[in-house]
Amino acid sequence: MHWLRQWRPAPMAALLIAWIVGTAALLTIFFVALGRSMERDYNELGFRLGATEAHIRVTWDGMWLQLVGYYGVVVVLPPVLVWLLWRRARRTA
C-alpha cells in the first residue's frame, strides 16, 4: 500500500468523484437501454400471440430495491473502500 500513501487529497477526491459519476452514468444508461429493450420485446411478443394491443410495460417499482443494491455495490462501494484504504495508509505513514 506504499503507492496509495503517496496520493494527495485533491487527486484522490477527483478519482473518487470521477468513479462515482462515470459508473452511475454508465449503469443508468445500461438499465434504461435494458428496460426499453424488454418493453419492445414484450410488445412484439404480444403482437405475435394475436393481441390487438400489447399493454405490457416494464415497471421499475418492483425492482427499486435491486437497482439500489446494484448502485450501492458498483458505484458507491469501490470508492468507499479505496478511501478507507487510503486513510489507513496515510495514518501508518
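Preceding this paragraph is the structure being described.
Below is a summary of the structure that appears in this document. Note that the structure is a prediction, hence the values are computed from the model and not measured. (Residues numbered from 1 in each chain as written. Predicted model: local features only at pLDDT ≥ 70, side-chain atom pairs only at ≥ 80, totals over all residues. Heavy atoms only, no water.)

### Some thoughts on the overall build of the protein chain
In step 1: Of the regular secondary structure elements, the protein chain holds three helices and zero strands.
In step 2: Looking at the protein chain as a whole, 16% of its 93 residues are labelled buried.
In step 3: Pairs at least 24 apart in sequence give 73% of the contacts found in the protein chain among residues at least 6 apart. (Helix = DSSP H or I, 4+ residues; strand = E, 2+ residues; numbered from the N terminus. Buried < 20%, exposed > 50% of the residue type's maximum accessible area, 1.4 Å probe, protein only. Contact = heavy atoms within 4.5 Å.)

### Topic: the packing of aromatic side chains
In step 1: Applying the stated criterion to the full structure yields three aromatic pairs.
In step 2: Ring centres of phenylalanine 30 and phenylalanine 31 lie 5.6 Å apart, and the angle between their planes is 55°; this geometry places the pair in the tilted category.
In step 3: Classification of phenylalanine 30 as partly exposed rests on a relative accessible area of 46%.
In step 4: Phenylalanine 31 sits in the buried class, given a relative accessible area of 9%. (Phe/Tyr/Trp six-rings, centres within 6.5 Å; stacked < 30°, edge-to-face > 60°.)

### Some details on a nonpolar patch on the surface
In step 1: A cluster of nonpolar residues, Val73, Val74, Val76, Leu77, Val80, Leu81, Trp83 and Leu84, forms a patch on the protein surface that exposes about 660 Å² of accessible area.
In step 2: Looking at where leucine 77 falls in the secondary structure, it is placed in helix α3 (residues 64-92).
In step 3: Under the relative-accessibility criterion, leucine 77 is labelled partly exposed at 40%. (Patch = residues over 30% accessible without salt bridge, like charges linked within 9 Å, V, L, I, M, F, W, Y side chains within 5 Å. Areas by Shrake-Rupley, 256 points an atom, 1.4 Å probe, with all protein chains shown as cover. Salt bridge = Lys/Arg side-chain N within 4 Å of Asp/Glu carboxyl O.)

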